[in-house]
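# Survey of secondary and tertiary structure
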Amino acid sequence: MRLGNQRASGNVEDRRGMGVVGGGLGVGGIVIALIAYFLGFDPSAVINMVDQGAPQGETRDAPKGAPVDEKGQFVAKVLGSAEDVWGKIFQQANSQYRPATLVLYDGQVRSACGMGQSAMGPFYCSADEKLYIDLAFFRDLQARFGAPGDFAQAYVIAHEVGHHVQKLTGTFQKMEKSRGRLSKAEFNRTSVRMELQADCYAGVWGYHAGTMNQLDTGDLTEALNAATAIGDDRLQKQTQGHVVPESFTHGSSEQRVRWFKRGMDSGRAGDCDTFSASSL
Ligand SMILES: [Zn+2]
């Protein structure tokens with residue numbers, strides 16, 4: 001990527017090196033909030049786990065603003081680029097984009113959706129409108145998932161920003177409402193639609209990053225490679241040796257690639273309607 005002229009977003013909360021303290025949420029308060037993960041984690045299982053396991057912690061403020069280290073700067077610039085793009089798209093629809101906060105942490109983090117663990121991969125919490133990333137995931141992306149490159153990392157951030165767009169457009173609330181009525185299999189299918197839409201939104205950002213001259217040759221390949229690496233079928237094959245499509249929550253590699261490309265081809269958020277699409 002070429003982010004030299006991109007402003008860094010100040011909406012970054014740097015909790016690296018701060019441990020698990022902070023947040024101000026008691027153990028007793030069961031939080032019903034959807035968490036959207038980048039990888040194929042089962043959200044309902046994770047919510048149960050975090051509600052039981054959240055330790056008490058005192059509140060400690062983390063520094064806010066663009067971090068100065070290289071990795072922190074990169075993240076803040078990608079976030080800034082996404083804010084610029086979505087700001088314009090919302091404006092064109094006579095609406096206003098409310099930016100999300102990106103939280104950098106290591107190991108564990110307290111969110112309004114419960115405790116986050118870096119092993120879960122990056123996630124978005126709709127209750128506090130924050131995206132949580134442990135930068136160690138970017139190393140995993142390269143070493144464990146075989147998806148190197150800065151644009152692969154940017155895709156991860158843009159996917160989580162995509163979930164925030166879903167929060168702003170009401171898609172998240174709709175899914176939350178329907179959760180009690182749906183069977184497990186139906187809920188998983190809805191989750192796949194949510195995730196593929198976030199991938200498509202990441203592509204929409206990628207298109208506009210391209211028009212702003214922020215892409216290098218090879219960047220698209222990096223993102224498509226990453227989308228392939230984190231498809232549910234690929235992950236299941238790696239972790240359990242076989243594939244169970246009914247348990248998919250994020251979509252297959254082929255679907256993740258296809259929806260990312262769809263957004264990347266047109267740059268139009270309207271092309272990301274995975275909920276009306278008859279086939280994914
Ligand atoms: Zn996601």
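Shown above is the structure to which this text applies.
Below, the structure is looked at part by part.

Reading the values: rules and limits
Counting of residues starts from 1 at the beginning of each chain's written sequence and follows it residue by residue. In keeping with the predicted nature of the model, local features appear solely for residues at pLDDT of at least 70, side-chain atom pairs appear and are counted solely at 80 or more, and the whole-chain, interface and lining totals rest on all residues. Excluded from the side-chain calculation are hydrogens and water; included are all heavy atoms of the structure. A run of H or I in DSSP counts as a helix once it spans at least four residues, and a run of E counts as a strand once it spans at least two, with each numbered from the N terminus. Burial classes follow relative accessibility: with a 1.4 Å probe on protein chains only, a residue under 20% of its type's maximum area counts as buried, one over 50% as exposed, and anything between as partly exposed. By definition, residues are in contact when any of their heavy atoms lie within 4.5 Å. Method for areas: the Shrake-Rupley scheme with a 1.4 Å probe, in which residue coverage is limited to the protein chains shown. Any two cysteine sulfur atoms lying within 2.5 Å of each other are counted as a disulfide. Geometry of aromatic contacts follows a simple scheme: Phe, Tyr and Trp rings, the Trp one being its six-membered ring, pair when their centres are within 6.5 Å, and the pair is stacked under 30 degrees between planes, edge-to-face over 60, tilted otherwise. Expected span, for any helix, means 1.5 Å times one less than how many residues it has.

### Observations concerning the overall build of the chain
Counting its secondary structure elements, the chain contains nine helices and seven strands. A burial count over the chain gives 52% of its 280 residues as buried. Sequence separation of at least 24 residues holds for 77% of the intrachain contacts in the chain that already meet a minimum separation of 6. A total of about 12,200 Å² of accessible surface is found on the chain, and carbon and sulfur atoms cover 49% of it.

### Quick word on the state of the cysteines
If you walk through the whole model with that rule in mind, you get two disulfides. In this model Cys-113 forms its disulfide with Cys-125; the gap between the sulfur atoms is 1.9 Å. Across the S-S bond of Cys-113 and Cys-125 the torsion is about 85 degrees, and the bridge reads as right-handed. Of this pair, Cys-113 sits in the loop between strand S4 (108-111) and strand S5 (114-117) while Cys-125 sits in strand S6 (residues 123-125), and the two are 12 residues apart along the sequence. Each member of the pair Cys-113 and Cys-125 is classed as buried. Numbered by order of appearance in the sequence, the disulfide-linked cysteines of the chain pair as 1-2, 3-4.

### Examining unusual backbone geometry
Even without a glycine there, the phi angle at Asn-94 is positive, about 55 degrees. Among the secondary structure elements, Asn-94 is positioned in the loop between helix H2 (70-92) and strand S3 (101-104). On the basis of relative accessibility, which here comes to 77%, the residue Asn-94 falls in the exposed class. At Glu-129, a residue that is not glycine, the phi angle is positive and equals roughly 55 degrees.

### Focus: the packing of aromatic side chains
Summed over the entire model, instances satisfying the criterion amount to eight aromatic pairs. Considering the side-chain rings of Trp-86 and Tyr-201, the 5.3 Å spacing of their centres and the 75 degrees angle between planes classify their relative orientation as edge-to-face. Placement of the pair is Trp-86 in helix H2 and Tyr-201 in helix H6 (residues 184-211), with a sequence separation of 115 residues. Side by side, Trp-86 and Tyr-201 carry an identical accessibility label, which is buried. Within the aromatic cluster, the residues linked to one another by ring pairs are Trp-86, Phe-90, Tyr-97 and Tyr-201.

### Regarding H2
Along its 23 residues, H2 runs 33 Å from first to last C-alpha, staying within 8% of the 33 Å computed at 1.5 Å per residue. Positive phi shows up at Asn-94, right after H2, with a value of about 55 degrees.

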